[in-house]
Amino acid sequence: MHVGTSSRICPFHIIMKNQQKQQTNPRATLSRLLDMGETQLIIDLFDNVEIDTPEEVVSAEEYTPVNTDALNKLEWELKSDGGCQRCKLWSGRNKIVFGVGDPNAKIMFIGEAPGGDEDRIGEPFVGRAGQLLDKIFAAMSLSRKRGIYIANILKCRPPGNRDPERDEVEACMPFLLKQIELIRPEVICCLGRVAAQNLLDTDLTLGKLRNVIHNFRELPVLVTYHPAYLLRNPAGKRAVWEDMKQLLKLAGLPLPNEG
Ligand code: SF4
């Protein structure tokens with residue numbers, strides 16, 4: 001629910017309106033709003049970010065060339081001949097959700113599995129949670145097209161959006177490992193408990209997994225809240241923004257207060 005839509009004039013909107021006239025850097029705006037420490041502002045955090053990624057934030061020279069053909073080939077292998085049938089989920093899926101993003105991404109986000117919208121469209125994190133995630137990316141001056149790649153632990157939707165089962169994860173994990181190997185991000189961010197537990201092979205709670213830099217095959221891994229959780233608990237956005245700043249730092253990208 002968008003808390004700022006009541007008839008009362010939200011101070012966030014007044015500030016945003018005034019600031020739109022002065023500057024358009026969403027990261028700097030969010031940093032200043034957070035410094036103000038207003039609960040309402042935190043709840044509205046990201047809601048008014050325009051998805052308009054400045055192209056100069058990550059220069060082309062910083063990118064390491066990767067074998068994009070190999071990534072395309074992997075996707076083709078997964079989808080050819082009627083699609084992968086390595087686990088039981090193949091029979092109930094509509095579309096295989098391979099992954100999306102910049103093949104030269106410095107930050108790779110990993111979720112647990114496709115939901116209904118993703119299964120229908122064939123792309124990870126669409127729908128309301130995906131829209132919020134795109135706003136978080138924009139606040140970082142990044143996007144699915146620039147600097148970020150998104151994939152899931154599972155490429156097919158579990159029935160009723162239940163948690164992935166062990167045999168499904170074991171069958172599907174080689175595809176994710178190959179994606180990580182080809183993209184070679186600077187840092188990985190797990191979205192939510194289920195993704196983190198499966199990637200890191202742990203049963204620790206989200207509370208214990210957050211605020212720790214984990215290691216996965218020599219890559220730093222951070223764990224943050226799933227965007228669907230933020231839709232239900234907007235106050236968690238402040239913690240997520242702190243996680244995103246840490247991610248930017250680990251990726252060697254500019255921090256918001258330096259924008
Ligand atoms: S979830 Fe993964 S392993 Fe299972 S059928 Fe889909 S692509 Fe294959």
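Residues numbered from 1 in each chain as written. Predicted model: local features only at pLDDT ≥ 70, side-chain atom pairs only at ≥ 80, totals over all residues.

Caption draft 1: The overall build of the chain, seen in detail. When helices and strands are tallied, the chain shows 11 helices and six strands. By residue count, 41% of the 259 residues in the chain fall in the buried class. In the chain, of all internal contacts separated by at least 6 residues, the share reaching a separation of at least 24 is 75%. (Helix = DSSP H or I, 4+ residues; strand = E, 2+ residues; numbered from the N terminus. Buried ≥ 20, exposed ≤ 12 C-beta atoms within 10 Å, placed from the backbone. Contact = placed C-beta atoms within 7 Å.)

Caption draft 2: Helix α4 (residues 68-79), seen in detail. Over its 12 residues, α4 runs 17 Å from end to end, which matches the ideal 16 Å to within 8%, given 1.5 Å per residue. Looking one or two residues past α4, D81 carries a phi angle of roughly 55°, positive in sign. (Expected span 1.5 Å × (residues − 1).)

Caption draft 3: Focus on the site of the ligand. Neighbouring residues of the ligand: 14 residues in total, closest C84, R86, C87, C156 and C172. Counting residues per element, the shell around the ligand draws most heavily on helix α7 (residues 166-183), which supplies three residues. Here the shell around the ligand is built from residues that sort into 10 nonpolar, one polar and three charged. (Near = placed C-beta within 6 Å. Nonpolar A, V, L, I, M, F, W, Y, C, P; charged D, E, K, R; others polar.)

Caption draft 4: Representation of unusual backbone geometry. Its identity is not glycine, yet F125 carries a phi of approximately 55°, on the positive side. Here F125 is to be found in the loop between α5 (116-121) and α6 (127-139). One non-glycine residue, N211, lies in positive phi territory at about 65°. Here N211 lies in the loop between α9 (206-209) and β5 (214-216).

Caption draft 5: Molecular detail of the sheet that holds β5. Taken in spatial order, the six strands line up as β1-β3-β2-β4-β6-β5 in an open sheet, and their pairing is mixed. Of all strands in the sheet, those with a lone pairing partner are β1 (100-101) and β5, marking the two edges. Those strands touched by helix α8 (residues 193-200) are β2 (107-111), β4 (187-191), β5 and β6 (219-224), and its axis lies near 130° from that of β4. (Pairing = 2+ DSSP bridges. Axes fitted to C-alpha atoms, helices over the stretch in contact; angles between N-to-C directions.)

Caption draft 6: Inspection of the nonpolar core at higher detail. Of all hydrophobic cores here, the largest spans 55 residues; its most connected members are I107, I110, I136, I153, C189, C190 and L247. Looking at which element gives the most residues to this core, the answer is helix α11 (residues 237-251), with seven residues. Excluding its chain neighbours within four sequence positions, the residues that come into contact with I107 are G147, I148, P185, E186, V187, C189, L247 and A251. (Core = buried A, V, L, I, M, F, W, Y, C linked by C-beta atoms within 7 Å.)

Caption draft 7: Inspection of the pairing of strand β3 (residues 148-152) at higher detail. In terms of burial, β3 is a largely internal element, five of the five residues being buried. Burial of β3 is two-sided: the residues I148, I150 and N152 facing one way and the residues Y149 and A151 facing the other way are all buried. In the sheet, β1 pairs with β3 via two bridges, with the strands oriented antiparallel. Directly across from G101, in β3, lies its bridge partner Y149. Where β2 meets β3, five bridges bridge the pair, whose relative direction is parallel. Residue pairing in the sheet places I110 in a bridge with A151 of β3.

Caption draft 8: Spotlight on α11. Between its terminal C-alpha atoms α11 stretches 21 Å, which fits the 21 Å expected from 15 residues at 1.5 Å a residue. All of the buried residues along α11 are K237, V240, W241, M244, L247, L248, L250 and A251. Looking one or two residues past α11, G252 carries a phi angle of roughly 75°, positive in sign.

Caption draft 9: Up close: the packing of α4 against α7. Two numbers describe how α4 lies on α7: the axes approach to 10 Å, and their chain directions differ by 165°. The angle between the axes of α4 and α7 places the two elements in the roughly antiparallel class. The element α4 and its partner α7 pack so that their crossing is left-handed. Packed against α4, whose contacting residues are A70, L71, L74 and L78, the element α7 presents F175, K178 and L182 at the interface. In terms of residue class, the contact of α4 with α7 is built from six nonpolar, no polar and one charged. (Parallel < 35°, antiparallel > 145°, perpendicular 65-115°, else oblique. Left-handed = near helix turned anticlockwise from the far one by under 90°.)

Caption draft 10: Local environment of the confidence of the model for the chain. Looking at the chain as a whole, the pLDDT averages 84, with 75% of positions reaching at least 70. Throughout residues 1-23 the model reports pLDDT below 50, and contacts reaching past four residues in sequence, or to other chains, amount to 21 contacts. This model gives residues 54-65 a pLDDT under 50, and the stretch forms 10 contacts once residues within four places in sequence are excluded. (pLDDT = per-residue confidence, 0-100.)

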